[in-house]
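Here is what each chain is made of, one letter per residue.
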Amino acid sequence: MEKVIVIGSGFSSLSASCYLAKAGYEVEMFEKNATVGGRARQLVKDGFTFDIGPSWYWMPDIFDKFFADFHKKTSDYYQLDKLNPAYKIFFEDDIITIGDCMENICSEFERIESGSSEHLKQFIDEAQENYDIAINKVVLRPGLSPLELVTKETVLKVDQFFKTISQQVRKRFKNPKLVSTLEFPVLFLGAKPNKTPSFYSFMNFADFGLGTWHPKGGMYEIIKAMKSLAEELGVIIHTQSPASHILVSDGEVLGIRSKGTNHLADYVVSGADYHHTETLLDKKYRQYSEEYWDKKTYAPSSLLFYIGFDKKLENIEHHNLFFDTDFEKHAQEIYDEPQWPTNPLFYANFPSVTDASMAPKDQETGFFLIPIAPGLEDTPQLRDQYYDIVMDRFEKLTKQTVKKSVIFKESFCVNDFVEQYNSYKGNAYGLANTLRQTAFLRPNLKSSKVKNLFFTGQLTVPGPGVPPSLISGKLVADLIIKK
Ligand SMILES: Cc1cc2nc3c(=O)[nH]c(=O)nc-3n(C[C@H](O)[C@H](O)[C@H](O)COP(=O)(O)OP(=O)(O)OC[C@H]3O[C@@H](n4cnc5c(N)ncnc54)[C@H](O)[C@@H]3O)c2cc1C
């Protein structure tokens, strides 16, 4: 039986491990941290449960497909509920509530801009076509050749790769609040809407067409499900076991070294951050230079606060976006002139609003996220300064006092991303999906310098996010299985 060593235990590594084990490989996973899940780990404190990273469950079809490949259903592992409303967006002078179906969303659009619901329906119909092409065809290709992008369907939509999502949205909607609402989903791809091809409007279908879901107990339930599936399939998981070297002989991978011991294998797959993985190789075996990595466009890093509140909060939903400041200026401070944002947009998640299991009775679990440029200076003073900014704005916009109700707060920022995940410049979501960083233009799934060494995860194909990480694991497993 051939053996595969998998580095890391995030969504991509777990996915690759499951597919490889199912295909008959002996699979052993090495994770540096004490628990599995990577950026999707969990923090449990004083009865409060926090997802440390992802909190939006979008594209439920991709999770269904993953489990179906193993003759399982998501419901075999966790209970999934559709959120209604999906989320709420706070602007300076209004609140937009996104419901759980197009009918509700159309009424909300009409309230803001008369006649906009017809434009919205057309826009979402096109977005659905793009979703079918992207998710069922393009994204399932391993990014080895430019020809993979050329299909009957993409040729007909070639103009959408050269126009941006911003242009497409602004052509149809005048109200700036609706524009921001429709530009928000592509932020998950990690780049500015005016740098993201309009073909990526498939994210708007994911948002309005497929809806926002919540696994009871939080996103970590998916990690627990995948770990349990991997173990059922025979995968051996070692935690607190960092890979310190990738062993290579005559250009062929031999295995890894972890905690001073060599572990041999026929193949190595790394789901750890790509740049870090290459530093585990002798220089002559690295494919990309430091200059290459430095020039890439990264998805943002984040400043995060995990807060236990001693009361139920008012005027909030499960997911809340605070777009009461200048979207464009904040985006510039992330991508064009990296610096701590002057007046940041932020996101707040209160899973205990819909899921009582996430907080003690009559209390609230709160997660606040400010997107920031990767590589910024990260100090306790800066974290405190932004905590105050966010809390003051939150109190004002939701019309309540909350600071006095904080039982505890923990923060997570650039230095933690580097220290905990070996993340390049402390990026949170990997490499952005811009036109120049799509498919075959991304760091490759397969090493061109070391035989039988492969990569998976949010820095390679197809890109950032939980659903793409599941797909990335499948793509890399397929490359090995086909060999
Ligand atoms: C704050 C935040 C919010 C997010 N929100 C969402 C969301 O709402 N919805 C969504 O879909 N996506 C979201 N994402 C993105 C999503 O979480 C990621 O795209 C996905 O989890 C990445 O999985 P991965 O397997 O590529 O990498 P990771 O999860 O980073 O896994 C890599 C693993 O490798 C390990 N590792 C590193 N070096 C070594 C080594 N030398 N030896 C052994 N192990 C090593 C790390 O510890 C880690 O466990 C969010 C991410 C963050 C950070």
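Residues numbered from 1 in each chain as written. Predicted model: local features only at pLDDT ≥ 70, side-chain atom pairs only at ≥ 80, totals over all residues.

Applicable threshold: UniProt positions are given in the numbering used here, feature names are shortened, and annotations may be inferred rather than shown by experiment.
The protein appears in an unreviewed UniProt entry as Phytoene desaturase family protein from Flagellimonas yonaguniensis. Regarding the protein, the relevant UniProt record gives this comment under Sequence similarities (unreviewed entry): "Belongs to the carotenoid/retinoid oxidoreductase family."

### Thoughts on the site of the ligand
For the record, the criterion: Any residue whose C-beta atom, as set from the backbone, lies within 6 Å of a molecule or strand is reported as near that molecule or strand. Helix and strand definitions follow DSSP, with helices as H or I runs of at least four residues and strands as E runs of at least two, each counted in order from the N terminus. By the convention adopted, Pro, Cys, Tyr, Trp, Phe, Met, Ile, Leu, Val and Ala count as nonpolar, Lys, Arg, Asp and Glu as charged, and the other residues, Gly among them, as polar. Throughout the structure description, domain borders are defined by an automatic or database domain assignment.
Residues in contact with the ligand amount to 37 residues; listed here are only the nearest, Gly8, Gly10, Gly38, Pro54 and Gly457. Element by element, the count of residues in the shell around the ligand is highest for helix α1 (residues 11–22), at 3 residues. Taken together, the residues of the shell around the ligand break down into 16 nonpolar, 18 polar and 3 charged. Lining the shell around the ligand are residues from two domains, each supplying at least three of them: domain 1 (3–42 + 218–295 + 432–482) and domain 3 (301–372 + 379–412).

### Description of the sheet that holds strand β12 (residues 261–264)
The cut-off we apply is this: By this definition, two strands are paired if DSSP reports at least two bridges between them. Each axis is a line fitted through C-alpha atoms, and for a helix only the stretch in contact is used; angles between axes span 0 to 180 degrees, taken between their N-to-C directions.
The 3 strands lie next to each other as β10-β11-β12, forming an open sheet whose pairing is antiparallel. The open sheet has two edge strands, β10 (243–249) and β12, and neither has a second partner. With direction set aside, neighbouring strand axes in the sheet form an average angle of 30°. Here β10 pairs with strand β11 (residues 252–258) via 6 bridges, running antiparallel. In the sheet register, Leu247 faces β11, and the bridge partner there is Gly255.

### Quick word on the domain arrangement of the protein
The parts lose accessible area when they come together, and the size of an interface is often stated as this lost area. This is how it is decided: Two residues qualify as being in contact provided that their C-beta atoms, derived from the backbone, are within 7 Å of each other.
We note that the domain assignment places domain 1 (3–42 + 218–295 + 432–482), domain 2 (100–212) and domain 3 (301–372 + 379–412) within the protein. Relative placement of domain 2 and domain 3: their C-alpha centres are 27 Å apart. Between domain 2 and domain 3, the contact holds 4 residues from the first and 6 residues from the second. Looking at the side of domain 2 that touches domain 3 residue by residue, the classes come out as 1 nonpolar, 2 polar and 1 charged.

### A few points about the environment of Ser357
Note the cut-off: Buried residues are those with 20 or more other C-beta atoms within 10 Å of their own C-beta, exposed residues have 12 or fewer, and partly exposed residues lie in between; C-beta atoms are placed from the backbone.
Secondary-structure assignment places Ser357 in the loop between β16 (346–349) and β17 (364–372). Ser357 sits in the exposed class, given 11 other C-beta atoms within 10 Å. If we ignore the near neighbours within four places in the chain, the residues touching Ser357 are Lys216 and Gly217.

### Describing the packing of helix α4 (residues 116–136) against helix α8 (residues 202–210)
Our working definition: Geometric relationships in this document are graded by angle, where less than 35 degrees denotes roughly parallel, more than 145 denotes roughly antiparallel, 65 to 115 denotes roughly perpendicular, and other angles denote oblique. Left-handed describes a crossing in which the near helix is turned anticlockwise from the far one by less than a right angle; the clockwise case is right-handed.
Between α4 and α8, the least distance of the axes is 7 Å, while the angle of their chain directions is 110°. Accordingly, the angle class assigned to the pair α4 and α8 is roughly perpendicular. In the packing of α4 onto α8, the handedness of the crossing is left-handed. Along the contact surface, α4 presents Phe123, Ile124, Ala127, Gln128, Asn130, Tyr131, Ala134 and Ile135, while α8 presents Phe202, Asn204, Phe205, Ala206, Phe208 and Gly209. Per-class residue counts for the contact of α4 with α8 are 10 nonpolar, 4 polar and no charged.

### So, the UniProt feature "domain: Amine oxidase" (unreviewed entry) in the protein
In the numbering used here, UniProt assigns the feature "domain: Amine oxidase" (unreviewed entry) to residues 14–481. Annotated as 34% helix and 19% strand, the span residues 14–481 places its first and last C-alpha atoms 16 Å apart.

### A closer look at the sheet that holds strand β6 (residues 87–90)
The mixed open sheet is built from 7 strands, whose spatial order is β7-β6-β15-β16-β17-β14-β18. With partners counted over all chains shown, the strands left at the sheet margins are β7 (95–98) and β18 (406–412), one partner each. Sheet twist, expressed as the average angle between the axes of neighbouring strands with direction ignored, equals 20°. Where β6 lies against strand β15 (residues 319–322), 3 bridges are found, and the strand directions are parallel.

### So, helix α6 (residues 165–172)
Filter applied, for reference: Arc definition: directions from the helix axis to the C-beta atoms.
Among the residues making up α6, those that are buried are Ile165, Gln168 and Val169. The arc that holds the buried residues of α6, viewed along the axis, is 90°, so those residues lie on one side. In this structure, α6 carries Gln167 and Lys171 as exposed residues pointing more than 90 degrees from its buried face. In the core, the buried residues of α6 are packed alongside α7 (176–183).

### What about the nonpolar core?
The condition is simple: By our criterion, buried Ala, Val, Leu, Ile, Met, Phe, Trp, Tyr and Cys residues that link up through C-beta atoms within 7 Å make up a nonpolar core.
Core analysis: the largest hydrophobic core is formed by 142 residues, its most contacted members being Val4, Leu20, Phe202, Ile246 and Val268. Filtering out sequence-adjacent residues up to four positions away, Phe202 remains in contact with Ala127, Asn130, Tyr131, Ala134 and Ile135.

### So, the environment of His119
On the secondary structure map, His119 appears in helix α4. Given 17 C-beta atoms within a 10 Å radius, His119 is considered partly exposed. With residues near it in sequence (within four places) discarded, His119 still touches Arg172 and Phe173.

### Regarding the packing of α1 against helix α15 (residues 466–482)
Running from N to C, α1 and α15 cross one another at 40°; their axes reach a closest spacing of 7 Å. The angle between α1 and α15 places the two elements in the oblique class. Regarding α1 and α15, the two cross each other, and that crossing is right-handed. Residues Phe11, Ser12, Ser13, Leu14, Ser15, Ala16, Tyr19 and Leu20 of α1 form the contact with α15, whose participating residues are Val466, Ser469, Leu470, Ser472, Gly473, Lys474, Val476, Ala477 and Ile480.

### Side note on the pairing of strand β1 (residues 3–7)
What counts here: Handedness rule for crossovers: strands pointing away from the viewer, path from the first strand over the helix to the second running clockwise, crossover right-handed.
Most of β1 is tucked away: 4 of the 5 residues are buried. Regarding topology, α1 serves as the crossover connection from β1 to the parallel strand β2 (residues 26–30), and that connection is right-handed. Sheet analysis places β1 next to strand β13 (residues 267–270), joined by 4 bridges and oriented parallel. Counted as the bridge partner of Ile5 is Val268 from β13.

### Examining unusual backbone geometry
The omega angle of the peptide bond from Asn84 to Pro85 is 0°, so this bond is cis rather than trans. Residue placement: Pro85 occurs in the loop between β5 (80–82) and β6. Here the residue pair Val461 and Pro462 is connected by a cis peptide bond, since its omega of -5° sits within 30 degrees of zero. When you line up the elements, Pro462 lands in the loop between β19 (453–455) and α15. Positioned with a positive phi, Asn315 is a non-glycine residue whose angle comes to about 60°. Within the secondary structure, Asn315 is located in the loop between β14 (301–309) and β15.

### Description of helix α14 (residues 414–421)
Within the span of α14, buried status applies to Val414, Asp416, Phe417, Val418 and Tyr421. Buried residues along α14 sit in contact with β14 and β18. One or two steps after α14, the chain reaches Asn422, where phi turns positive at roughly 55°.

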